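Structural features, examined
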Amino acid sequence: MLPKSIGNLSSLQMFEAIGCNLMGHLPNEIGKLRNLSSLFLEDNDLTGVVPTAITSLKKLQRLSLGANRLIGSFPNGLCELSNLGLLNLSQNQMWGSIPSCLGDVTSLREIYLDSNNFTSNIPSSLWNLKDTLKLNLSSNFFNGSLPLEIGNLKDAILLDLFWNQISGNIPSTVGGLQKLIQLSLAHNRIEGSLPATIGKLVTLEALDLSYNNMSGVIPKSLEALKQLGSFNVSFNRLHGEIPNGGPFVDLPYRSFMSNEGLCGNRQKHVPACPSNLKKRRLIWIVVASSVISVIALASAIVFMLMRRRGKTVNAEDEWLPEVAPQRISYYELQRATQGFDGNTLLGSGSFGSVYKGTLADGMIVVVKVFNVQMEGTFQTFDRECEILRNLRHRNLTKIISSCCNLDFKALILEYMPNESLDKLLYSRDYCLNIMQRLNIMVDVASALEYLHHGYSVPVIHCDLKPSNVLLDNDMVGHLSDFGIAKLLTKEESIAHTTTFATIGYIAPEYGLEGLVSKTSDVYSYGIMLLEVFTKKKPNDEMFTGDLNLRSCVHNSLPDELHQIIDTDLLTLDEQNLSQKLQCLTSIMELAMNCTANIPGERMNMTDVVAALKKIKQQLSSYY
């Protein structure tokens, strides 16, 4: 570990410790090295956040902290280092958005932020760094589109945005990057055609646009790129003839795979292009077919309008056929559950009971019958109906219908054959493996991200726990039970409730003051994440006094994790054990960041999903 006494070396100008197995946090005392111009600590095992004290290093010109395990959001203090020329934070576990103030550091020449969990749009100010030579933002979760200002990077020789979620078109101003040698936009969601202005990038040696949604043709202007040795537009929707001049003579067929509309030289594994005569004949056929189709469609519309004019349309009849949900009577539910027999009972609680039923059409469903004698039942039923009928997400339980009268209230829900995460986690007959658990927790996180950020108003679940996560036939997780959920208005970020959820999972501010928010859901999710991988309930009898599930895991990090995780997950003799343990450590550290005592210090669910998917990708490579 770096000792705190490092701060005593105040005259130090350069500090390099690359690949030295350094561990632990960067000490705040590093901010006392006021004369430091270069700090290289890459390829170590440093954890924690970048200390704010680094802002004091006003003479710093080169900072490289890549290939560690640093977490947290981008340190805004770096924007104050006006002499910084090299910034390398790649291959860490940092999250959140990049602050726009980074674009004010005009001294930057090389920026490496790749292989993290950064999200949101790429700040527009970055495109104004006209003297930057290399910008690598690959393998993150940046979204949005590329602006026209991308053409401002006049001196750039490398621009790598590989594997993000960037959409929209490639702006024609990319032709202004006259010194560019390498450009990668692969594995994004880019649409539209390749701008012909790319043909102006005469120094370009590598261009990768694979795995996007691009259409149109490959411009002939690209034949002028004499230095182009690596070119890849595979897995798009391009069509037309592949250019046959310049670098295209020697490019392999793999450069053009999975573009069904491309044609040209058979050596590229594409069909030969049709002759001009065939093209004209095809155009005539398409035009004629289109005209006939339009005439037929217009005739059908006129015919339907004439029929409707002679009818009086009943408003109720308009609503019933396709729009109305399936209506299920009390008697049909009674038959489906064999008279709500104990043999069909799946479980019960304070709200009522849950039964398994088979409808007349053979559909297997879950019937959630509410206890109408219990105070607050009507509000619980109405709330769950209101929320579930409007939400649409693959990881939320699907509502099929409801049945309601004065003496009976029930929801009819999609049946989940593998029951709940709680039952499988603690089952004696079945053991969830490490990838199954991680997949399920990604599913739950995705559902929460949708509730918090993807719906018209934020929805706070308020009762996250393994028993409220149901598993379908493919072991996909579905979040259920919205009986005490809260709908916030667009102006609200926090709400007050007198209804309390399960002890052990609720956030401190929820338990003490009844305050619920998106961050209280994040806390509960973090506790559930700890439980799933330790197989220890937060309200277990072993936790007494100041000891709880969170503190128990925290005390075991990073070196004693094997003592607290579920012993069924890993064995001492399996392959890649240390790498798998490292992934589990990352999951536990993520849970620590979700369960911070102060709500403002917790991650949001968008960043949680991004971080989990990154860990999942890494973990799956070891199996």
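Now for a quick tour of the structure. Given the structure is predicted, the values throughout are model-derived calculations rather than measurements.

Definitions and cut-offs
- Residues numbered from 1 in each chain as written.
- Predicted model: local features only at pLDDT ≥ 70, side-chain atom pairs only at ≥ 80, totals over all residues.
- Heavy atoms only, no water.
- Helix = DSSP H or I, 4+ residues; strand = E, 2+ residues; numbered from the N terminus.
- Contact = heavy atoms within 4.5 Å.
- Areas by Shrake-Rupley, 256 points an atom, 1.4 Å probe, with all protein chains shown as cover.
- Pairing = 2+ DSSP bridges.
- Axes fitted to C-alpha atoms, helices over the stretch in contact; angles between N-to-C directions.
- Buried < 20%, exposed > 50% of the residue type's maximum accessible area, 1.4 Å probe, protein only.
- Salt bridge = Lys/Arg side-chain N within 4 Å of Asp/Glu carboxyl O.
- Left-handed = near helix turned anticlockwise from the far one by under 90°.
- Phe/Tyr/Trp six-rings, centres within 6.5 Å; stacked < 30°, edge-to-face > 60°.
- Parallel < 35°, antiparallel > 145°, perpendicular 65-115°, else oblique.
- Nonpolar A, V, L, I, M, F, W, Y, C, P; charged D, E, K, R; others polar.
- Disulfide = S-S within 2.5 Å.
- Patch = residues over 30% accessible without salt bridge, like charges linked within 9 Å, V, L, I, M, F, W, Y side chains within 5 Å.
- Polar contact = N/O pair within 3.5 Å; in protein donor to acceptor, adjacent residues only side chain to side chain.

**Regarding the overall build of the chain**
- Of the regular secondary structure elements, the chain holds eleven helices and 29 strands.
- Look at the contacts in the chain between residues 6 or more apart in sequence, and 53% of them connect residues 24 or more apart.
- Element-wise, carbon and sulfur atoms account for 51% of the exposed surface of the chain, whose accessible area totals about 30500 Å².

**Points about the sheet that holds strand β21 (residues 364–370)**
- Strand order in this open sheet of five strands is β19-β20-β21-β23-β22, and the pairing throughout is antiparallel. Each edge of the open sheet is held by one strand with a lone partner, namely β19 (345–349) and β22 (399–405). Shown here is a sheet whose adjacent strand axes are inclined to one another by a mean of 20°, direction ignored.
- One ladder, built from six bridges, connects β22 with strand β23 (residues 408–414); its direction is antiparallel. In the sheet register, C403 faces β23, and the bridge partner there is A410.

**Notes on the environment of G168**
- By the secondary structure assignment, G168 is in strand β12 (residues 167–168).
- Along the backbone, G168 and G192 are 24 residues apart, and their C-alpha atoms lie at a distance of 7.3 Å.
- Beyond its immediate sequence surroundings of up to four residues, G168 is in contact with S145, R189, I190 and E191.

**A few points about the sheet that holds strand β13 (residues 182–184)**
- Pairing in this open sheet of ten strands is parallel, and the strands run β1-β3-β5-β6-β8-β10-β11-β13-β15-β16 from one edge to the other. The two strands at the open ends of the sheet, each matched to only one other strand, are β1 (14–16) and β16 (230–232). If you compare each strand with its neighbour and ignore which way they point, the axes differ by 10° on average.
- Bridging between strand β15 (residues 206–208) and β16 involves three bridges; their strand directions are parallel. Note on β16: the bridge partner recorded for A206 is S230.

**Overview of the pairing of β23**
- The element β23 is largely enclosed, with a buried count of six among its seven residues.
- Pairing between β21 and β23: five bridges, direction antiparallel. Residue pairing for β23: V367 is matched across the bridge by I412.

**What to know about the pattern of salt bridges**
- Counted according to the given criterion, the structure contains 16 salt bridges.
- Note that K179 is salt-bridged to D155, the shortest N-O span being 2.8 Å. Taken as a pair, K179 in the loop between β12 and β13 and D155 in the loop between β10 (134–136) and β11 (158–160) lie far apart in primary sequence, 24 residues in all.
- Of the residues examined, D155 reaches a relative accessible area of 22% and is grouped as partly exposed.
- Among the salt bridges present, the one from D566 reaches R437, with a minimum N-O distance of 2.8 Å. Of this pair, D566 sits in the loop between α9 (549–556) and α10 (577–594) while R437 sits in helix α6 (residues 434–454); the two residues are 129 residues apart in sequence, bridging distant segments of the chain.
- For D566, a relative accessible area of 5% puts it in the buried group.
- Its relative accessible area of 1% is what places R437 among the buried residues.
- It is possible to trace a salt-bridge network through shared partners that takes in D45, R69 and E589.

**Considerations on the packing of helix α8 (residues 518–534) against α9**
- Where α8 contacts α9, the axes come no closer than 10 Å and their chain directions differ by 65°. Crossing handedness for the pair α8 and α9: left-handed. On α9, the residues that touch I527, L530, E531 and T534 of α8 are L549, R550 and V553.

**What about the packing of aromatic side chains?**
- Taken as a whole, this structure holds twelve aromatic pairs when the rule is applied.
- Taking the centre distance of 5.6 Å and the plane angle of 70° together, the rings of F162 and W163 count as edge-to-face.
- Looking at F162, the relative accessible area reads 24%, which means it is partly exposed.
- Judged by its relative accessible area of 39%, W163 falls in the partly exposed class.

**Structural notes on the side chain of N136**
- Position of N136 relative to the elements: it lies in strand β10.
- Judged by its relative accessible area of 11%, N136 is buried.
- Setting aside chain neighbours within four positions, we find N136 in contact with I111, Y112, L113, D114, L158 and D160.

**Here we look at the packing of α6 against helix α11 (residues 605–620)**
- For the pair α6 and α11, the least separation of the axes is 9 Å and the interaxial angle reads 160°. Taken together, the axes of α6 and α11 are roughly antiparallel relative to one another. The handedness of the crossing between α6 and α11 is left-handed. For the pair α6 and α11, the contacting residues are I434, M435, L438, N439, M441, V442, A445, S446, L448, E449, H452 and H453 in the first and M605, T606, V608, V609, L612, K613, I615, K616, L619 and S620 in the second.
- Within the contact of α6 with α11, the residues separate by chemical class into 13 nonpolar, six polar and three charged.

**A closer look at the state of the cysteines**
- Under the criterion given, the structure shown has two disulfides.
- In this model, C79 is linked to C101 through a disulfide, with the two sulfur atoms separated by 2.1 Å. The S-S bond linking C79 to C101 shows a torsion near 60°; that makes this disulfide right-handed. Of this pair, C79 sits in the loop between β5 (62–64) and β6 (86–88) while C101 sits in the loop between β7 (95–96) and β8 (110–112), placing them 22 residues apart in sequence.

**Looking at a nonpolar patch on the surface**
- On the surface, Y211, F235, Y253 and M257 cluster together into a nonpolar patch covering about 330 Å² of accessible area.
- Under the relative-accessibility criterion, F235 is labelled partly exposed at 31%.

**A look at the side chain of N68**
- Tracing the chain through its elements places N68 in the loop between β5 and β6.
- Owing to a relative accessible area of 6%, N68 belongs among the buried residues under this scheme.
- Among the polar contacts listed, one links the side chain of N68 to the backbone nitrogen of D45, at a separation of 3.3 Å.
- For N68, the side chain forms a polar contact with the main-chain nitrogen of L46, separated by 3.0 Å.
- In this structure, N68 is in contact with L41, E42, D43, N44, D45, L46, Q91 and N92, ignoring residues within four places of it in sequence.

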